[in-house]
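In case you want the letters, here they are:
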Amino acid sequence: MSAYQHRIFSDPQFEIDFVGPDDSSFFRTILGFRFNTTNTRYMIPADEDAVRRSHLLYHMVWFLFKGKRYLGPVAEVLRANFDGRQRQILDLGTGGGQWAIGIADEFPRVEVTGVDLAPIQPRLVPSNCTFDICDLDVPEFPYPADSYDFVHARVMHTGISDYTQFLRDIGRVLRPGGMVLLVELELEAMADGRMASEFQGYSGLSGWFSLWEAYQYCLKRRGIDVNVPKKLGRLLEEAASFRNITVRVDSVPIGFWPRNSSDLVVGETSWMYYDSLLPSMLPILMESGYSEGHAKVLIRSAQEDLYHPIVHTCTQLHTAWAIKK
Ligand SMILES: C[S@@+](CC[C@H](N)C(=O)[O-])C[C@H]1O[C@@H](n2cnc3c(N)ncnc32)[C@H](O)[C@@H]1O
């Protein structure tokens, strides 16, 4: 383990500075919530709850992937000794950094860089793990071409306004034969295995459905394509630099209704994740024009459905991986 200072990539000239002990300039407070200052369009708080959610997400996906941090031929890609160079992994939108730390422990000879808008990751990390502060929602992010063996981006598309360009940039930084793995949670509300759009009339979860509809509206206003999770495979094809594109969709129960123990663990973990996320949506709702009262009612009604569901709450995890041509 080493006590690492986070690097800051603030401009495209690759000028590197470091986050010191006082990291207050990376945070601002709105409505009592702490946000990043690197990209003010991203309106989910960067606070202790965000770090907790990152832990929950890490475990939820771990259980869904049956005890693995990734899907696809990651071990083979990392084993290939490409040009004899140092092997490198990039974790985009690393959040609390658990995935980056976990993969650094799993592959101790590979250099891992986790990138996020705010320094919310631990300072004590494995010596092969580094965290950078950098906005990835830019035409070209400040990482060199043909350099990385594996790029991972999980549950972060709501901070990227041009996801096609983002994928092109991932294609640029990957070395030929390198691998990308994208993992995104569905944004359309679901119940009993069906999308909100498939229900005609009352579903039994009107509070839950209304909040997710409102959240999608807020994201669209900020220029985010809320359908990215559903079309990861197609977007990879359009980016044109990938081959062997593979997609997979996992059903994710939310809550305590599954009867078998492995689904129940996922259901409990995802329930805790959404229980933490709902109150964090207040600022984005209000910044998008909802009155405080209306936003609070939307959140409270969704919580009511989360705590006392009449039908089974669930969602989907969309995963896609591909190899750079
Ligand atoms: C829901 S969290 C997921 C964290 C982590 N990937 C995980 O699976 O636990 C999304 C993270 O993406 C980061 N993010 C969103 N937009 C970003 C951007 N444009 N540049 C860098 N990081 C971004 C956020 O700051 C947040 O920490």
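The notes below deal with the structure included here. Here the structure is a predicted model, which is why all the values come from computation and not from measurement.

Rules used throughout
Residues numbered from 1 in each chain as written. Predicted model: local features only at pLDDT ≥ 70, side-chain atom pairs only at ≥ 80, totals over all residues. Heavy atoms only, no water. Helix = DSSP H or I, 4+ residues; strand = E, 2+ residues; numbered from the N terminus. Rg over C-alpha atoms; globule rule 2.2 N^0.38 Å. Areas by Shrake-Rupley, 256 points an atom, 1.4 Å probe, with all protein chains shown as cover. Buried < 20%, exposed > 50% of the residue type's maximum accessible area, 1.4 Å probe, protein only. Polar contact = N/O pair within 3.5 Å; in protein donor to acceptor, adjacent residues only side chain to side chain. Contact = heavy atoms within 4.5 Å. Near = heavy atom within 4 Å. 1 Å grid on protein atoms, 1.4 Å probe; cavity = no way out; pocket = protein on both sides within 12 Å on 5 of 7 lines; lining within 4 Å. Sits in = over half its atoms within 2 Å of the grid points. Nonpolar A, V, L, I, M, F, W, Y, C, P; charged D, E, K, R; others polar. Pairing = 2+ DSSP bridges. Right-handed = clockwise from strand over helix to strand, strands pointing away. Phe/Tyr/Trp six-rings, centres within 6.5 Å; stacked < 30°, edge-to-face > 60°. Lys NZ or Arg CZ within 6 Å of the ring centre and 35° of its normal. Points joined across faces, edges and corners; volume = space filled by probe spheres on them. Salt bridge = Lys/Arg side-chain N within 4 Å of Asp/Glu carboxyl O.

Description of the overall build of the chain
Regarding its fold elements, the chain presents nine helices and 15 strands. Its C-alpha radius of gyration of 19 Å places the chain within 12% of the 20 Å reference for a compact globule of 325 residues. Overall, the C-alpha framework of the chain stretches about 60 × 40 × 35 Å when taken along its three principal axes. For the chain, the exposed area adds up to about 14,000 Å²; of that, 51% sits on carbon and sulfur atoms.

Examining the side chain of His318
Within the element layout of this structure, His318 appears in strand β15 (residues 313-324). Exposure remark for His318: the relative accessible area of 7% places this residue in the buried category. Engagement of the side chain of His318 in a polar contact is seen with the side chain of Glu186, the distance being 2.8 Å. Within the structure, His318 has its side chain in polar contact with the backbone oxygen of Pro229 (distance 3.3 Å). His318 has contacts with Leu182, Val183, Glu184, Glu186, Pro229, Lys230, Leu232, Arg248 and Val249, leaving out every residue within four places of it along the chain.

A closer look at the site of the ligand
Close to the ligand lie 18 residues, the nearest being Ser54, Gly93, Asp116, Leu136 and Arg154. One of the side-chain nitrogen or oxygen atoms of Asp135 is found 2.9 Å away from a nitrogen atom of the ligand. Backbone polar atom of Leu136 to a nitrogen atom of the ligand: 2.9 Å apart, as the coordinates give it. Burial of the ligand by the protein amounts to 91% of the accessible area it has alone, namely 600 Å². The site holding the ligand turns out to be the largest cavity. Grouping the amino acids of the shell around the ligand by side-chain chemistry returns eight nonpolar, six polar and four charged.

A closer look at the pairing of strand β10 (residues 148-154)
In terms of burial, β10 is a largely internal element, seven of the seven residues being buried. As judged from the four bridges shared by strand β6 (residues 88-92) and β10, these two strands associate in the parallel manner. Its bridge partner lying in β10, Leu90 is registered against Val151. Of the strand pairs in this sheet, β10 and strand β11 (residues 174-185) are connected by six bridges, and their pairing is parallel. When the bridges of β11 are listed, Phe150 appears paired with Met179. On the question of chirality, the crossover connecting β10 to the parallel β11 by way of helix α4 (residues 163-173) is right-handed.

What about unusual backbone geometry?
Of note, Asp192 is a non-glycine position whose phi angle comes to about 50°, a positive value. Locating Asp192 in the fold gives a position in the loop between β12 (190-191) and β13 (194-195). Backbone geometry places Asn244, a non-glycine residue, at a positive phi of 50°. Within the secondary structure, Asn244 sits in strand β14 (residues 242-253).

Some details on the packing of aromatic side chains
Applying the stated criterion to the full structure yields 14 aromatic pairs. Aromatic side chains Tyr163 and Phe166 sit 5.2 Å apart centroid to centroid with 45° between the ring planes, which places their arrangement in the tilted category. Of this pair, Tyr163 and Phe166 both sit in helix α4, three residues apart, which is roughly one turn of that helix. For Tyr163, a relative accessible area of 4% translates into the label buried. Ring plane angle 45° and centroid distance 5.6 Å describe the contact between Trp271 and Tyr307, whose orientation is recorded as tilted. Of this pair, Trp271 sits in helix α7 (residues 261-280) while Tyr307 sits in helix α9 (residues 292-307), placing them 36 residues apart in sequence. Among the aromatic side chains, those forming a connected cluster through ring pairs are Phe141, Tyr143, Tyr148, Tyr163 and Phe166. Just above the ring of Phe27 sits the side chain of Arg34; from NZ or CZ to the centre is 3.8 Å.

Digging into empty space enclosed by the protein
The tally for this structure, following the rule as stated, stands at five cavities of 30 Å³ or more. Taken as a whole, the largest cavity encloses approximately 730 Å³ of empty space. Taken together, 42 residues form the lining of the largest cavity, with Tyr42, Gly93, Arg154, Val155 and Met156 sitting closest to its centre. When contributions to the lining of the largest cavity are tallied by element, the ones reaching two or more residues are α1 (48-64), α3 (98-106), β10, β11, α5 (206-221) and α7. Sorting elements by how many residues they give to the lining of the largest cavity places α1 first, with five residues.

Side note on the pattern of salt bridges
For the structure on display, the rule yields 13 salt bridges. The residue Arg69 makes a salt bridge to Glu106 at a minimum N-O spacing of 2.5 Å. Of the two residues, Arg69 sits in the loop between α1 and α2 (74-79) while Glu106 sits in helix α3, which places them 37 residues apart along the sequence. Linking Asp250 and Arg248 is a salt bridge whose minimum nitrogen-to-oxygen distance equals 2.8 Å. In this structure Asp250 comes out as buried when scored by relative accessible area, which is 12%.

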